[in-house]
Amino acid sequence: MELTIISGKGGTGKTMISVALASLSGNAVKADCDVDAPNLYLYYGGDDIKKESFYAAKKATIDSRFCKQCGLCESVCRFGAIVDYKIDHVNCEGCGACVLVCPEKAITLKPEKSADVYLTKTPTGMLSRAKMTVGSDGSGKLITQLRQNARKFVEDDGLLVIDGSPGIGCPVISSVTATDLVLLVAEPTLSGLNDLKRVAELCRHFGIQTLACVNKYDINPQITEEIKSFCAEQGISVIGEIPFDDTVMKSINELKPVTGYPNSIAGIAIRKMWGRLSDILETSRQKRLKELDGGELD
Amino acid sequence: MKIGISSTGVAAESLADPRFGRCSHFAIYDTADGSYRFIDNSAQSASGGAGIAAAQQMIDEDVEVILTGNMGPNAFNVIKGSEIKVYRVGSVSVEKAVQLFKEAKLEAISEAGAAHFGMGQGRGGF
Amino acid sequence: MNLCVLSGKGGTGKTTVSVNLAVLLQANYYDCDVEEPNGFIFLKPGRVSAEDVTVDYPVIDNGKCTHCGLCAKACQYNALANTKKSVMLFPTLCHGCHACEIVCEPKAITYSRRPVGVVEQGDGYGVHCMRGVLNVGEHMAVPVIRELLKGLNPSKNNILDCAPGTSCNVVNTLRASDAALIVTEPTTFGLHDMSIAVELIKQMDIPFAVVVNKSRDDDTIIRRYCDDNGIALLGGIPYARKAAEAYSNGRLLSELPEYRQPYEQIADKLKEAFAWN
């Protein structure tokens, strides 16, 4: 089963909760899909057992040996990516329009390396992650690759925890497609509620079963209630309310799951949440097994 | 006629893949001579539109029937436009899937499944 | 001057710092985090006007179309499918590049525009505010960011509140910037992600400085890094539960008496550091 943890807003506690849930599940496989700011690997030791270059978007390149400087390419480029017969890597979207019009066939689309993709064997299960080439794009294709790499290690009754990125764009879309369950981590602030609504809409748009939890709920009980109302309206079950707890900061600095601190009130709340979550995961898993076994008419 | 089956591998004994857009391979079975051909799913690692690209690949292969587990709305709409027929298979081998089809034991997929084969279509859990 | 406020890591306080500085410095505010813009919650601009951001999409004339499928093959984004009976378009995947038009021999393709987001503007707390908002379900934020940045006023000081991360949303915002301010937090994650942002900014050769948000008594982890790398650290904004609560209700921190001073100090240092006009 695959569980994607996202929030819309950054800094709500996705990674902290991903680590805690992965730990409670035993040996969950993990995928760090917050590729711009991958923090998951800091928690786990382990050895990189695989490292591969990853080529994402294609970019155009002009071979100056054949370029006759006719300027046709520049005139068709919609993204301002060709100036003085040179390609601007940042603006180039790899559409190939320039390739199509060049009379000298001097332009080609080449896949550009955007990241190194790793499989890291940690003491508590495999971690699939990437290190981006600075300035590259955390494209949906990379996230898809990270998930595919992780899936190979998930056992039949195992769990893949996907730590997602902030936002609602391409990388987030690729984190939630083909996942079994989304857990939204909300923070009780006006900004957090605003962002939660948008990411919840995204999940609804893609028809994915969605749950939610409120982190640091006691910072603003009123907004916590607003979040719960919103979720109720949307048919999103709120499966956890985690109190603000100084131990969380400690656990981050000590790079340990917060559930490893027996007196942590946040840890206790996350345990409770895990109880609900694992029931839901199991129900979904049974349902899917039944659906897959179908396909034969009597 | 040709039948396309989403497959997890490159042998007739490979398990059919329940996913359409992101399966690793397609098996192309030709009823004329009972032969199998296996092709990579070119859409596998597409960042977007995997279902669309996979559907296009099936159209370009001139299949008349597709056997798969679930087809998302984009792929489904493309296939619908092409008049290729789609049937649902469970976790059986590719050759078993073909056999079941020939015995008319497969259910036609008449509407798109959840986009990207998630679960629950957005209903809350619990 | 255009000052980009970024962080690498999400949730460190880019928007908090941006909106408070904008008010103190009476600079224009641009919310470039078009996927999840929050700045207007704090600046509460009145009389907000909105304009759609639109992009091209191809319209296929079925009368002229021969269903050759070349357009679908040319499309790098799988936005077109040739069913051999018609050609279907999937608009959210389309980049509006016109490659399909280029390969279409019967010239069956023309273009219309469709909305992908909005740009809004208004005034609040004496600050002229603008923001971009991406429509939910759209994959690409860059067209909205670009449209928003067209509204930059070159004769004023502009604060560009950036998206989290270091990818194309951020790069596009940095490109319009003369200087950058990294907002970090004194944690392992804060430092880790800040160093990624530093690398990006250095690559783009933009002068920058750092500010520590949610500062505690011990910010050594950040100070040491800045010292070791010769990076200007302008100051810290102290963490307090009270601040978190005020933030949660959309209040400007610089209105709280105990926060006025740290923000003013940072604003002053900022002016120095970037020879602000």
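Each chain has its residues counted from 1, running along the sequence as written. Chain labels run from A onward and ligand labels from 1 onward, assigned in the order the entries are written. It should be noted that, the model being predicted, local features are given only for residues of pLDDT at least 70 and side-chain atom pairs only at 80 or more, the latter also being counted only at that level, while totals for whole chains, interfaces and linings use all residues.

## What about the overall build of chain A?
The condition that has to hold: Numbering goes from the N terminus for both helices and strands, where a helix is a DSSP run of H or I of at least four residues and a strand is a run of E of at least two. In this scheme the burial state of a residue depends on its C-beta neighbours within 10 Å: 20 or more other such atoms mean buried, 12 or fewer mean exposed, and anything in between means partly exposed; the C-beta positions come from the backbone. It is the C-beta atoms, placed from the backbone, that decide contacts: two residues are in contact if theirs lie within 7 Å.
Helices and strands together make up the secondary structure of chain A, namely ten helices and eleven strands. C-alpha atoms of chain A, sized along the principal axes, occupy 70 × 50 × 50 Å. For chain A, with 298 residues in total, the buried portion stands at 58%. Taking contacts inside chain A between residues at least 6 apart in sequence as the whole, the part at least 24 apart equals 76%.

## Description of the packing of helix 1 (residues 50–60) of chain B against helix 2 (residues 73–82) of chain B
Any two packed helices are characterised by how steeply their axes cross, that is the angle between the axes, and by the distance between the axes. Residues and elements named next belong to chain B. The criterion, for reference: Here an axis means a line fitted to C-alpha atoms, over the contact stretch when the element is a helix, while the angle between two N-to-C directions is reported on a 0 to 180 degree scale. When describing relative orientation, an angle under 35 degrees is termed roughly parallel and one over 145 degrees roughly antiparallel, while 65 to 115 degrees is termed roughly perpendicular and anything else oblique. Whether a crossing is left-handed or right-handed is set by the direction in which the near helix is turned from the far one by less than a right angle, anticlockwise for left-handed and clockwise for right-handed. Each residue gets one of three labels, nonpolar for Ala, Val, Leu, Ile, Met, Phe, Trp, Tyr, Cys and Pro, charged for Asp, Glu, Lys and Arg, and polar for the others, Gly among them.
At their nearest, the axes of helix 1 and helix 2 sit 7 Å apart, and the two run at 25° to each other. Relative to helix 2, helix 1 is oriented roughly parallel. Here helix 1 and helix 2 pass one another in a crossing that is right-handed. From helix 1, Gly51, Ile52, Ala54, Ala55, Gln56 and Ile59 reach across to helix 2, where they touch Asn74, Ala75, Val78, Ile79 and Ser82. Among the residues forming the contact of helix 1 with helix 2, the class breakdown is seven nonpolar, four polar and no charged.

## Re the domain arrangement of chain A
Heads up, the condition is: All domain edges in this entry derive from an automatic or database-based domain assignment.
Along its sequence, chain A is carved into domain 1 (2–54 + 124–293) and domain 2 (64–105). Distance from the C-alpha centre of domain 1 of chain A to the C-alpha centre of domain 2 of chain A: 41 Å.

## What about the sheet that holds strand 3 (residues 35–40) of chain B?
Residues and elements named next belong to chain B. Operational definition: In this scheme, strands are said to pair when DSSP sees at least two bridges between them.
On the basis of which strands lie adjacent, the open sheet formed by six strands has the order 3-2-1-4-5-6 and mixed pairing. The open sheet has two edge strands with one neighbour each: strand 3 and strand 6 (107–108). In the sheet, strand 4 (residues 65–68) pairs with strand 5 (residues 85–88) via four bridges, with the strands oriented parallel. Looking at the pairing, Ile66 lines up with Val86 of strand 5.

## Quick look at the nonpolar core
In plain terms, the rule: Only buried Ala, Val, Leu, Ile, Met, Phe, Trp, Tyr and Cys residues enter a nonpolar core, and they are joined through C-beta atoms within 7 Å.
With 148 residues, the main nonpolar core has A:Leu183, A:Leu184, A:Cys213, C:Val5 and C:Ile182 as its most contacted residues. The dominant element in this core, judged by the number of residues it contributes, is helix 10 (residues 265–293) of chain A, at eight residues. Ignoring anything within four residues of it in the chain, the contact list for A:Leu183 reads A:Leu3, A:Ile5, A:Leu211, A:Ala212 and A:Cys213. Ranked by size, the runner-up nonpolar core spans 70 residues in total, among them A:Ile62, B:Ile79, C:Cys71 and C:Met88.

## Section: the interface of chain A and chain C
Contact residues are listed per partner, giving 48 residues for chain A and 47 residues for chain C. At the level of secondary structure, the elements contributing two or more residues to the side of chain A that touches chain C comprise helix 4 (97–101), helix 6 (170–176), helix 7 (190–205) and helix 9 (246–253) of chain A. Grouping the constituent residues of the side of chain A that touches chain C by class yields 20 nonpolar, 19 polar and nine charged.

## Here's the deal with helix 9 (residues 241–248) of chain C
Quick reminder: α-helices carry 3.6 residues per turn. Residues three or four places apart thus point the same way. Note the following rule: The arc in question is traced by the directions running from the helix axis to the C-beta atoms.
Turning to helix 9 of chain C, its buried residues number three or more, namely C:Ala243, C:Tyr247 and C:Ser248. Projected down its long axis, helix 9 of chain C shows its buried positions confined to an angular sector of 135°, all on one face. Counted as exposed and oriented over 90 degrees from the buried face of helix 9 of chain C: C:Arg241 and C:Lys242. Residues of helix 9 of chain C that are buried in the fold lie against helix 7 and helix 8 (221–234) of chain A together with helix 1 (14–25) and helix 10 (257–273) of chain C. Looking at the residues trailing helix 9 of chain C, positive phi occurs at C:Gly250, about 80°.

## Focus on the pairing of strand 11 (residues 237–242) of chain A
All names here are of chain A. This is how the line gets drawn: Handedness rule for crossovers: strands pointing away from the viewer, path from the first strand over the helix to the second running clockwise, crossover right-handed.
Burial of strand 11 is extensive: six of the six residues sit out of reach of the surface. As defined by bridge partners, strand 10 (residues 210–215) adjoins strand 11 across five bridges and the pair is classed as parallel. The partner of Ala212 across the bridge, within strand 11, is Val238. The β-α-β motif built from strand 10, the intervening helix 8 and the parallel element strand 11 has right-handed crossover chirality.

## Looking at the environment of A:Val90
Note on placement: A:Val90 falls in the loop between strand 5 (86–87) and helix 4. Linking A:Val90 and A:Asp137, residues 47 residues apart in sequence, is a C-alpha distance of 9.3 Å.

## Some points on helix 2 of chain B
Of the positions making up helix 2 of chain B, those classed as buried are B:Asn74, B:Ala75, B:Phe76, B:Val78, B:Ile79 and B:Ser82. Buried residues in helix 2 of chain B make contact with helix 1, strand 4 and strand 5 of chain B together with strand 4 (80–82) and strand 5 (87–89) of chain C. B:Glu83 occupies a position one or two residues after helix 2 of chain B and carries a positive phi of about 70°.

## A look at the pairing of strand 9 (residues 181–186) of chain A
Residue and element names in this part refer to chain A. Among the six residues that make up strand 9, six are buried, leaving the element largely enclosed by the rest of the structure. Neither face of strand 9 is exposed, since Leu181, Leu183 and Val185 on one face and Val182, Leu184 and Ala186 on the opposite face are all buried. Here strand 1 (residues 2–6) pairs with strand 9 via four bridges, running parallel. Paired with Leu3 across the strands is Leu181, a residue of strand 9. In this sheet, strand 10 lies alongside strand 9 in parallel orientation, the contact comprising five bridges.

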